[in-house]
Protein chains: 2
Amino acid sequence: MAKISHFECARCGEKLAPATLLNVCPKCAGPLWVRYEFGRPDREAVKLGPATMWRYSSVLPDVEPVTLGEGFTPMLPSRKHANVFIKDEGLNPTGSFKARGLGMGVTMARFYGVKKIAIPSAGNAASALAAYCAAAKIEAHIFMPKDVPMANRIECESYGAHVTYVDGLISDCAKMVAERKQAEGWFDISTLKEPFRVEGKKTMGYEVAEQLGWELPDAIIYPTGGGVGLLGMWKAFEEMEQLGWIGSKRPKMICAQATGCAPVVKAWEEHRETMEMWKDAHTSAAGLRVPKPYADREILHAMKASGGTAVAVTDDEIMAAFSSWAREEGVFAAPEGAAALAAYWKLIESGYLRPEEKVVLFNTGSGLKYIDVFEKYFRKKEQPKSRALGGIIQPY
Amino acid sequence: MAKISHFECARCGEKLAPATLLNVCPKCAGPLWVRYEFGRPDREAVKLGPATMWRYSSVLPDVEPVTLGEGFTPMLPSRKHANVFIKDEGLNPTGSFKARGLGMGVTMARFYGVKKIAIPSAGNAASALAAYCAAAKIEAHIFMPKDVPMANRIECESYGAHVTYVDGLISDCAKMVAERKQAEGWFDISTLKEPFRVEGKKTMGYEVAEQLGWELPDAIIYPTGGGVGLLGMWKAFEEMEQLGWIGSKRPKMICAQATGCAPVVKAWEEHRETMEMWKDAHTSAAGLRVPKPYADREILHAMKASGGTAVAVTDDEIMAAFSSWAREEGVFAAPEGAAALAAYWKLIESGYLRPEEKVVLFNTGSGLKYIDVFEKYFRKKEQPKSRALGGIIQPY
């Protein structure tokens, strides 16, 4: 495992000792990156590790993991589109990619002696925090919109978390955590307001490389809410180049968002360096309802440096992509994941992507977390054909 | 990969050529086992394989897999009970252990040229069949009780399967498949009425061995509906001994059932060799609502030969175990899986199991498949404590 050398501010470059757990840069409030003394680990040695994200222990902190078996999810070659791969994050514990970041975040919180953790969440991060806190015997305090999918509610309460439902968005939840955390003694594990969730998420970048034979794809389409995974992968690529595991080629980093909440797309199209708070955010892809990502500059930088782009898709386009993955690939995706496929279709149509380019689409979670969302959506639409056969029948 | 030598009837020993895909023994209607010409595969070579059940390709049929990344699920050491492990099958594609059997069943159906498959199901097998049929471009015809969990309905319809909801149990569904299959040209992939689902499920036995260092545990507690997994593991142990991968020690094979549908427990306690149809089967653990397992003799034989037993637990005991796993282990289990923990508690209390015995509990699926079941159950009970904090709050 790797020794942590220091925390480094992604904005002002300030270096900070890792003796205590920090949130953000004390000088400029920028997000902190973890820097390591790596030594010279061999990339092939990961094959001897477990079938979890901890197989990359040579580039992760030297601690006892709080693990539920997260990471090393399948990289499925598409059966419909040549050169396309589906990275199926739905097979993580708690059914989403959030398990990586929160698994690592809770691991490090326990290491640093934290007893209570608070999170504002669009839903799936809350479920993951609740699960890992249960495993680590740490108190979890969760703030999420009252209209999150039913799964998130039942999960968080079952794990024994303290849950507050907010009549608002994740940004409103974040304000409540910020205001109460000092008095309550909560460690704030909000997206990019502590350095370790991105360390968990970066393992997606290592997996993309390992699973494609240490040759990065031409593009990655990533459903972007807070954007931690995108930044984590970007960090992983830098680290791997530094370690000599890969060369300097980078995939185009492409953000998929919903038209009902597309702050990344707006900032990208307007050539801005920061993002504005999106008003009246709404989409059935709950995880994309993040009106303003905290690491806006860093996301836009990775997109620019890689020749990437950002695409917004409608809820109907998302649901069409969901159906395509289910019917043609056997993958029951989260709406956020389906947004990546919908974005791929648009980018092929526009000519930005060519069919011969190797593209990885991230399905960030299992559709099982959105059963009530699908039920509601499809009930509004005309009955699917299978229902015609689906009348209830009396047995003999 | 292994060459299939022949099919062998588990009851009468009849040997049959594997040139065509068969259902059951044409002589006695017993379930068919697949026998191989194994050669001398090395158990350590599996570590170089993929992190799926196909890592055991040296003991599986030599075909192109229809895969969604099934198998090689986590073996989590319990944080509460020393010497207990949770085999978390919820991290499979389609969220349950059914992915193994149906992944293999559909793989072989495609290999043999099957175009249409029918299944009677308690719910999760239907979802898995629908997913693998979508991937394999085979028509899926599903018959399941009208009151299956919502997830099973949405999954099957999303995957594009032809679904018939039956006002009855899986046994009623089975009758409907049996009556229509010849006219419709359906291949019947019912539990143990074809030889390959058990080949997929046997990989659980290989994983138990590999993940515990090729030393089998003292006991395995297995939530038993149709019992394919139990028989698959039992077959795996035999094969591994034949291959020299393990010795002759066997774990006690213990069936966990619900008091509302416990045909295995009843037959076991009455020292019978076959099981009777359970009347008025009911339990919130939908997968355990199998009134009469087809392979009744074979299940009872494995229990007897291993010094095992069978235990029935109530729905309240199941839900208490579900809560314990969520709050103390961070595992959000299916009710069927929780039945294994409830059974463990009972067997420790009765003295049948001692705390120093190494025991593997199978969580057969993700709790995400039962969100509506939990919602209904917990709404009936008094509000959990966290709800007190869970009122909806207006943000500033």
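What counts, and at which threshold
Residues numbered from 1 in each chain as written. Chains lettered and ligands numbered in written order. Predicted model: local features only at pLDDT ≥ 70, side-chain atom pairs only at ≥ 80, totals over all residues. Heavy atoms only, no water. UniProt positions renumbered as here; feature names shortened; annotations may be inferred. Disulfide = S-S within 2.5 Å. Buried < 20%, exposed > 50% of the residue type's maximum accessible area, 1.4 Å probe, protein only. Core = buried A, V, L, I, M, F, W, Y, C linked by side-chain atoms within 4.5 Å. Contact = heavy atoms within 4.5 Å. Helix = DSSP H or I, 4+ residues; strand = E, 2+ residues; numbered from the N terminus. Pairing = 2+ DSSP bridges. Phe/Tyr/Trp six-rings, centres within 6.5 Å; stacked < 30°, edge-to-face > 60°. Lys NZ or Arg CZ within 6 Å of the ring centre and 35° of its normal. Salt bridge = Lys/Arg side-chain N within 4 Å of Asp/Glu carboxyl O.

Looking at an unreviewed UniProt entry, one finds chain A named L-threonine synthase, with Koribacter versatilis as its source organism. For the record of chain A, the UniProt heading Cofactor (unreviewed entry) holds the text "pyridoxal 5'-phosphate".

Visitor: Looking at this model, I keep getting lost on the state of the cysteines. Mind explaining?
Guide: The bond known as a disulfide is covalent and runs between the sulfur atoms of two cysteines. Taken as a whole and assessed by the stated rule, the structure comprises 0 disulfides over all chains. Not engaged in a disulfide, the cysteine Cys-9 of chain A finds its nearest cysteine sulfur in Cys-28 of chain A; these two sulfurs lie 3.4 Å apart. A disulfide-free cysteine, Cys-173 of chain B has its sulfur positioned 11 Å from the sulfur of Cys-156 of chain B, the nearest such atom. Of the residues examined, Cys-173 of chain B reaches a relative accessible area of 0% and is grouped as buried.

Visitor: Help me understand the nonpolar core in this model?
Guide: When a protein is soluble and globular, its nonpolar side chains tend to lie buried together. Among the nonpolar cores identified, the biggest contains 280 residues, and Leu-129, Ile-142 and Ile-221 of chain A together with Leu-129, Ile-142 and Ile-221 of chain B are the most heavily contacted of them. Residues within four places of Leu-129 of chain A in sequence aside, it is in contact with Leu-102, Val-106, Ile-117, Ile-119, Ala-140, Ile-142 and Ile-189 of chain A.

Visitor: What should I look at first to understand the pairing of strand E13 (residues 359–363) of chain A in this one?
Guide: Within a regular strand, side chains alternate between the sheet's two faces. All names here are of chain A. The buried fraction of E13 amounts to 5 of the 5 residues, a majority that puts the element mostly inside the structure. Burial along E13 is two-sided: Val-359, Leu-361 and Asn-363 and Val-360 and Phe-362, pointing in opposite directions, are all buried. Both strand E5 (residues 84–88) and E13 contribute to a ladder of 5 bridges, which runs parallel. Bridge pairing in E13 places Ile-86 opposite Leu-361.

Visitor: Sorry if this is basic, but what is going on with helix H12 (residues 371–380) of chain A here?
Guide: Every α-helix carries 3.6 residues per turn, so stepping three or four residues along brings you back to the same face. Of all 10 residues making up H12 of chain A, 7 are buried, and the element is well covered by its neighbours. All of the buried residues along H12 of chain A are Ile-371, Asp-372, Val-373, Phe-374, Glu-375, Tyr-377 and Phe-378 of chain A.

Visitor: Which parts of the structure should I look at to understand the packing of aromatic side chains?
Guide: What characterises a pair of aromatic rings is the spacing of the ring centres plus the angle enclosed by the ring planes. Tallying each qualifying case throughout the model produces 36 aromatic pairs over all chains. For the ring pair Phe-322 of chain B and Phe-378 of chain B, a centre distance of 6.1 Å and an interplane angle of 35° mean the geometry is tilted. Here Phe-378 of chain B lies in helix H12 (residues 371–380) and Phe-322 of chain B lies in helix H10 (residues 315–329), a separation of 56 residues in the sequence. Counting every residue linked through ring pairs, the aromatic cluster contains Tyr-159 of chain A together with Phe-322, Phe-332, Tyr-370, Phe-374, Tyr-377 and Phe-378 of chain B. One cation-aromatic arrangement involves Lys-201 of chain A over Phe-97 of chain A; the distance from NZ or CZ to the ring centre is 4.0 Å.

Visitor: Is there a simple way to explain the pattern of salt bridges in this structure?
Guide: For side chains of opposite charge, pairing can occur when their charged atoms come near one another. Under the counting rule described, the total for this entry stands at 68 salt bridges over all chains. The closest approach of N and O atoms between Glu-184 of chain B and Arg-180 of chain B, which form a salt bridge, is 3.1 Å. Placement of both Glu-184 of chain B and Arg-180 of chain B in helix H4 (residues 170–184) is noted, with a separation of 4 residues, approximately one turn of the helix. For Glu-184 of chain B, a relative accessible area of 33% translates into the label partly exposed. On the accessibility criterion, Arg-180 of chain B (32% relative accessible area) is partly exposed. With a closest N to O distance of 3.7 Å, Arg-379 of chain B and Glu-375 of chain B form a salt bridge. Residue Arg-379 of chain B and its partner Glu-375 of chain B are located together in helix H12, separated by 4 residues, close to a single helical turn. The exposed category is assigned to Arg-379 of chain B, whose relative accessible area is 55%. What you see here is one network of salt bridges that share partners, running through Arg-11, Lys-292, Asp-296 and Glu-298 of chain A.

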